[in-house]
Amino acid sequence: MRLPTAASFAVLALATLAAPAGTIAAPLPPLAQRTIPTQLPRSVRPLEYRLDITPDAANLRFAGRAVIDIEVLQATDTVVLNAADLAFSRATLMGIAGQEKPARNIAVDADAQTATMDFGGRVLPGRYRLILDYTGKIYTQAAGFFALDYDSKAGRKRALFTQFEAPDARRFFPSWDEPRFRTPYTLSVTVPAGDDVIGNMPAATTARKPGGLKTVTFRKTPAMSSYLVFLGVGEFDRITTRAANTEIGVVARRGNGAQGRWALTSAARILPWYNDYFGTPFPLPKLDNIAGPGSSQFFGAMENWGAIFSFENRLLIDPAISTEASRQDIFETAAHEMAHQWFGDLVTMAWWDDLWLNEGFASWMATKSTQALHPEWQPELGRIGGRESAIGLDSVATTHPVVQHLTTVDQISQAFDAITYQKGEAVITMLEDYVGADAWRRGVQDYVRIHKYSNTQTDDLWSAVERAAPGKPVTAIAHDFTLQPGVPLIRVGNVRCAGGRTVADLRQEEFTRDRPNKTALRWRVPVIAATLGGVQGRTLVSGGAGTVTAAGCGTLVVNSGQTGYYRTLYTPALLANLKRDYARLPTVDQIGLLSDNWGLGLAGYQSAAEALDLADAAPADANPRLVQAVAAILAQIHGMYEGDPRHQALVTRYATARLAPVLARIGWAAKPGEPATVTLLRANLVATLGTVREPGVVAEANRLTAARSPLATAGPLRTAIASIVAQNADAAAWDRLHAEAQAEKNPLIRTQLYRQLASARDEGLARRALELALTPEPGATNSSGIISGVAAQHPDLAFDFAIRHREQVEALVDISSRSRFIPQLGARSTDPAMVGRIEDYATHYLTPQSRRPADQAIAAIRDRIRVRETRLPDISRWFEAKVR
Ligand SMILES: [Zn+2]
């Protein structure tokens, strides 16, 4: 699964404190020894499912029949399976000899999401067939079986899709809804004859039914987990191509198939590359990627086996609105979800504790394959941003280990965070670099070959890699980084030059933003160092100290290449050398040093202005990714000065002096044949300069919009320009934007217009956006994005509004996001009173097991207040001295 993109076009700051997590879990005992109370009894297991589904789309309900072959392993009085929001009309157990036993009682437990069936006596070990007739709900938010409505030339339309991760398959069919129960599925669906249907497998048969209906039965799947089953129903276009032995398809609203061309050609390049990398070819006959109009607070795309689902903005290119960033995101999203076809679908984690094994690996693989197939995008430079968002969560008390102990449905949903994804990716990046790319790949191939069509735990991967890299303590290092939380700090001490080599003493501490007196945990840390222009030297720091030797004498970079998951703290003298030589360092180290020192400064390890000296030393013709990193820090500082116009003006003037000339050089209009990194930089600079209210850019955005310039009405700058106009809107401009949103028929553009209505700085307009979100007008899946969009500028306003209208607001959010949606609205507040208000909400509406997002929001607020009080003075002095 891929997480949703940020709600607004606001620049993602490098060291934003996103939401961290609950209590620190003890290292996990092996799965078999643990009691997980939410798991089903082990006395029965499913062998195979046949599902017949008849949707009633107009009335948002469906009828289902599940025929499940089961094996009773131990004699039992009841058969218990998962079910949520399902109503049963029949449950029959058939024995081998065909004798039928109707259920005497079906007890549904809504909280436990189970149905317990009593067949009037003990069921002895053996094989049986369970036949269940039931009805269920079609939801209007993207979880379970859900509807997405949209406008088309032929009027209002409704398409149906499924989303089952984490545990929502139980809303579609009664099931053993845990990833370890792998079985084949045969799915049939009865729909109007004019509809198209998509499943995990190609259709096997289509039969005409009375009343203008048809029944499509898909081919039987290989054994797979319940959360990967998929069904899509609607009026679709499907474009296809072939790669290796697989038919690749992209499915979109009818009439919009051509917009899937970029995704289709991308997938056709990625698939053979993965076949080769994994050494096991993609096992299904086809692989579709299905576009859904709308959005979710929980996810952006999902790796259903053979039938990836993506929201349209992650899959379709619409020339009216798509940007270079969307093109690259579509490629990387496909690369992520396709990596899951092996890592997640073919080999699946046994339980959600190891979710990171899916997500960290798929995130890492997406960057790896993008690097191979689009080196000109320089995705390895983007990895540093991922490392920073992980460290943001991982350096405060509410963090959690990568491998964590999960029990409840809420906890499982909350596990989809930056630690699971980005720390997971960072740890894999570090380990791959430590054992070498070839050994790592041999380990991965071995792991896939041994465990295909079955379930694993994290240690299965480490064993495979360790076998491929004999003599290297892979498992030990991996355990340090995945079973304990937190971020190592490598303090560089004495550095000396002897015999043409540089030797540096290293001490390992722990990087923390909120516990200065914490006793450091111990990690074995693979450290790489290099002098300027020299060959890298390597060491494994263990027991808290080490030395690293690098060829040559001169300015030393520790974490050279930036593949390590740790912060590096230099002495003032070493940092001075780095500032002096900053312009001559490799780009990856320029970005890494900038973000590392920015993080250290905000945490209080050194002056927060040190990073600004580095930013200031970036050359005028710096790599576009470095310019973006500088821009992100300036935008973040501008935000820290909210309510202090004098200092905001200083930041704006500095940003103007640094960034406006870059924008002037590359121009507002794209040049034919320019590098993609420049196209990306243009949109980023326009957005950032708009965010810091650079007068020239704000005026130009307004002028282009008023003149209905093609730059403002369509194409790659449309979003950035419209966002600036929306942020600075007065009532008249807001009304114009609102009218435009109401008239818009294209769901992709419509969603964005409603998000922009939420971004006004004016508080009165923000209130109007909140009121609008409670009306049916924006559409079921757009409203929650409006509320979180308002929270980016007005967290207190949005939080209080959501509390006042709690039940209405919760209905606008998908089930998987409910426990975190409201607390996160308040997370950007700088008002100390917000801590108590979130606390209050958690006490009333969250269980102790689900309050992690509330604790994370509280930690974020405290951190923001601390930074403003203690870190901002250094920054103020720097700008006062710099800007005249
Ligand atoms: Zn994923």
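Every value quoted in this text rests on a predicted model; they were computed, and no experiment measured them.

*Asks:* Sorry, what's going on with the overall build of the protein here?
*Replies:* Helix and strand counts for the protein come out as 27 helices and 29 strands. The C-alpha atoms of the protein give a radius of gyration of 27 Å, which matches the 29 Å a tight globule of 884 residues would have. Judged by the C-alpha coordinates and their principal axes, the protein covers about 85 × 70 × 55 Å. When the 884 residues of the protein are sorted by exposure, 62% land in the buried category. By sequence separation, contacts in the protein at least 24 residues apart represent 72% of the contacts at least 6 residues apart. Total accessible area on the protein stands at roughly 31200 Å², and carbon and sulfur atoms take up 52% of it. Side chains of the protein carry 94 positive and 88 negative charges; the gap between the two charge centres is 2 Å.

*Asks:* Would you take a moment to explain the packing of helix H2 (residues 324–342) against helix H15 (residues 676–691) for this structure?
*Replies:* If you want to describe how two helices pack, look at the angle between their axes and the distance between the axes. It is the contact of H2 with H15, at a shortest axis distance of 8 Å, that shows an interaxial angle of 120°. By the criterion of interaxial angle, the relationship of H2 to H15 is oblique. On the side of H2, the interface is formed by Glu324, Ala325 and Gln328, while H15 contributes Ala676, Thr679 and Leu680. In terms of residue class, the contact of H2 with H15 is built from three nonpolar, two polar and one charged.

*Asks:* Help me out: how do you make sense of the pattern of salt bridges in this one?
*Replies:* All chains considered together, the criterion is met by 61 salt bridges. Between Arg524 and Asp480 there is a salt bridge, with the nearest N and O atoms lying 2.9 Å from each other. Here Arg524, found in the loop between strand S24 (501–511) and strand S25 (525–531), pairs with Asp480, found in helix H9 (residues 474–483); they are 44 residues apart in sequence, far enough to count as distant. We note a salt bridge from Arg567 to Asp596, for which the minimum N-O separation is 2.7 Å. Residue Arg567 is found in strand S29 (residues 567–569), and its partner Asp596 is found in helix H11 (residues 587–603); the two are separated by 29 residues along the sequence. Here Arg567 falls in the buried class, since its relative accessible area comes to 2%. The network of salt bridges with common partners includes Asp85, Lys137, Asp168 and Arg171.

*Asks:* Could you clarify how one ought to interpret the coordination of the zinc ion in this entry?
*Replies:* As a benchmark, a tetrahedral metal site with four donors has ideal angles of 109.5 degrees, while an octahedral site with six donors has ideal angles of 90 or 180 degrees. Listed as protein donors to the zinc ion are Met1 (N), Met1 (O), His336 (NE2), His340 (NE2) and Glu359 (OE); their distances from the metal cover 2.0 to 2.3 Å. In primary-sequence terms, the residues that donate to the zinc ion follow M-x334-H-x3-H-x18-E. With His336 and His340 both in helix H2 and four residues apart, the pair spans about one turn of that helix. With respect to burial, His336 and His340 carry one shared label: buried.

*Asks:* I keep staring at the sheet that holds strand S5 (residues 100–102) and nothing clicks. Help me out?
*Replies:* By definition, the strands of a sheet pair up through backbone hydrogen bonds, in either a parallel or an antiparallel sense. Across the sheet, eight strands lie side by side as S5-S4-S8-S2-S1-S11-S14-S13; this open sheet has mixed pairing. Strands at the two margins of the open sheet, each flanked by one partner only, are S5 and strand S13 (203–209). Each strand axis lies, on average, 15° off the axis of its neighbour in the sheet, ignoring direction. Examined bridge by bridge, strand S1 (residues 44–56) and strand S2 (residues 61–72) share twelve bridges and lie antiparallel to one another. Within S2, the position partnered with Leu51 by the bridge is Ala66.

*Asks:* Teacher, can you tell me more about the sheet that holds strand S19 (residues 301–302) here?
*Replies:* Spatially, the five strands line up as an open sheet ordered S16-S17-S18-S20-S19, and their pairing is mixed. Edge strands, defined here as strands with exactly one partner in the open sheet, are strand S16 (236–243) and S19. One ladder, built from five bridges, connects strand S18 (residues 286–292) with strand S20 (residues 307–311); its direction is parallel. The residue bridging Asp288 from the neighbouring strand is Ala307, located in S20.

*Asks:* What is the right way to read the packing of aromatic side chains from this model?
*Replies:* Within a pair of aromatic rings, the relevant descriptors are the distance that separates the centres and the angle that separates the planes. Taken as a whole, this structure holds 46 aromatic pairs when the rule is applied. Ring centres 6.5 Å apart and planes at 45° place the aromatic pair Phe416 and Tyr421 in the tilted group. Taken together, the ring pairs connect Trp273, Tyr274, Tyr277, Phe278, Phe282, Trp342, Phe343, Phe361, Trp364, Trp440 and Tyr447 into an aromatic cluster. When the ring centre of Phe181 is taken as reference, the NZ or CZ atom of Arg180 above it lies at 5.6 Å. Over the ring of Tyr434 we find Lys472; its NZ or CZ atom is 5.0 Å from the centre of that ring.

*Asks:* Could you clarify how one ought to interpret the state of the cysteines in this entry?
*Replies:* Such a bond, covalent and formed between the sulfur atoms of two cysteines, is termed a disulfide. Summed over the entire model, instances satisfying the criterion amount to one disulfide. What pairs with Cys497 in a disulfide is Cys553, and their sulfur atoms sit 1.6 Å apart. Between Cys497 and Cys553 the disulfide shows an S-S torsion of about 60°. By sign, it is right-handed. With Cys497 in strand S23 (residues 487–498) and Cys553 in the loop between strand S27 (545–551) and strand S28 (556–558), the pair connects residues that are 56 residues apart, well separated along the chain.

*Asks:* Mind showing me how you'd approach the side chain of His738 here?
*Replies:* Tracing the backbone shows His738 in helix H19 (residues 731–743). With sequence-adjacent residues up to four places away left out, His738 is seen in contact with Leu757, Leu772 and Glu777.

*Asks:* Would you take a moment to explain the confidence of the model for the protein for this structure?
*Replies:* The predicted model of the protein has a mean per-residue pLDDT of 93, with 97% of residues at 70 or higher. A low-confidence stretch, residues 7–29 (pLDDT under 50), is modelled with 70 contacts involving residues beyond four sequence positions or located in other chains.

*Asks:* Please explain the pairing of strand S17 (residues 246–253) as it appears in this structure.
*Replies:* Regular strands have side chains that alternate between both faces of the sheet. Burial of S17 is extensive: seven of the eight residues sit out of reach of the surface. Strand direction decides the pairing type here: S16 and S17, joined by eight bridges, are antiparallel. When the bridges of S17 are listed, Ile239 appears paired with Val250. Here S16 folds back onto S17 in antiparallel fashion, the turn holding two residues, of which Ala244 has a positive phi close to 50°. Bridge count between S17 and S18: five bridges; the pairing is parallel. Paired with Gly249 across the two strands is Asp288, which belongs to S18. Handedness of the crossover joining S17 and S18 through helix H1 (residues 261–278): left-handed.

*Asks:* I would appreciate a short explanation of helix H23 (residues 795–804) in the present structure.
*Replies:* For the α-helix, the turn length of 3.6 residues means that residues three or four positions removed from each other point alike. Among all positions in H23, only Pro795, Leu797, Ala798, Phe799, Phe801 and Ala802 are buried. Those residues of H23 that are buried are in contact with helix H21 (763–773), helix H22 (783–793), helix H24 (806–811), helix H25 (818–826) and helix H26 (833–845).

Conventions we followed
Residues numbered from 1 in each chain as written. Predicted model: local features only at pLDDT ≥ 70, side-chain atom pairs only at ≥ 80, totals over all residues. Heavy atoms only, no water. Helix = DSSP H or I, 4+ residues; strand = E, 2+ residues; numbered from the N terminus. Rg over C-alpha atoms; globule rule 2.2 N^0.38 Å. Buried < 20%, exposed > 50% of the residue type's maximum accessible area, 1.4 Å probe, protein only. Contact = heavy atoms within 4.5 Å. Areas by Shrake-Rupley, 256 points an atom, 1.4 Å probe, with all protein chains shown as cover. Lys, Arg positive; Asp, Glu negative; His and termini not counted. Charge placed at Lys NZ, Arg CZ, Asp CG, Glu CD. Axes fitted to C-alpha atoms, helices over the stretch in contact; angles between N-to-C directions. Parallel < 35°, antiparallel > 145°, perpendicular 65-115°, else oblique. Nonpolar A, V, L, I, M, F, W, Y, C, P; charged D, E, K, R; others polar. Salt bridge = Lys/Arg side-chain N within 4 Å of Asp/Glu carboxyl O. Donors = N, O, S within 2.8 Å, 3.2 Å for Na, K, Ca; no water. Pairing = 2+ DSSP bridges. Phe/Tyr/Trp six-rings, centres within 6.5 Å; stacked < 30°, edge-to-face > 60°. Lys NZ or Arg CZ within 6 Å of the ring centre and 35° of its normal. Disulfide = S-S within 2.5 Å. pLDDT = per-residue confidence, 0-100. Right-handed = clockwise from strand over helix to strand, strands pointing away.

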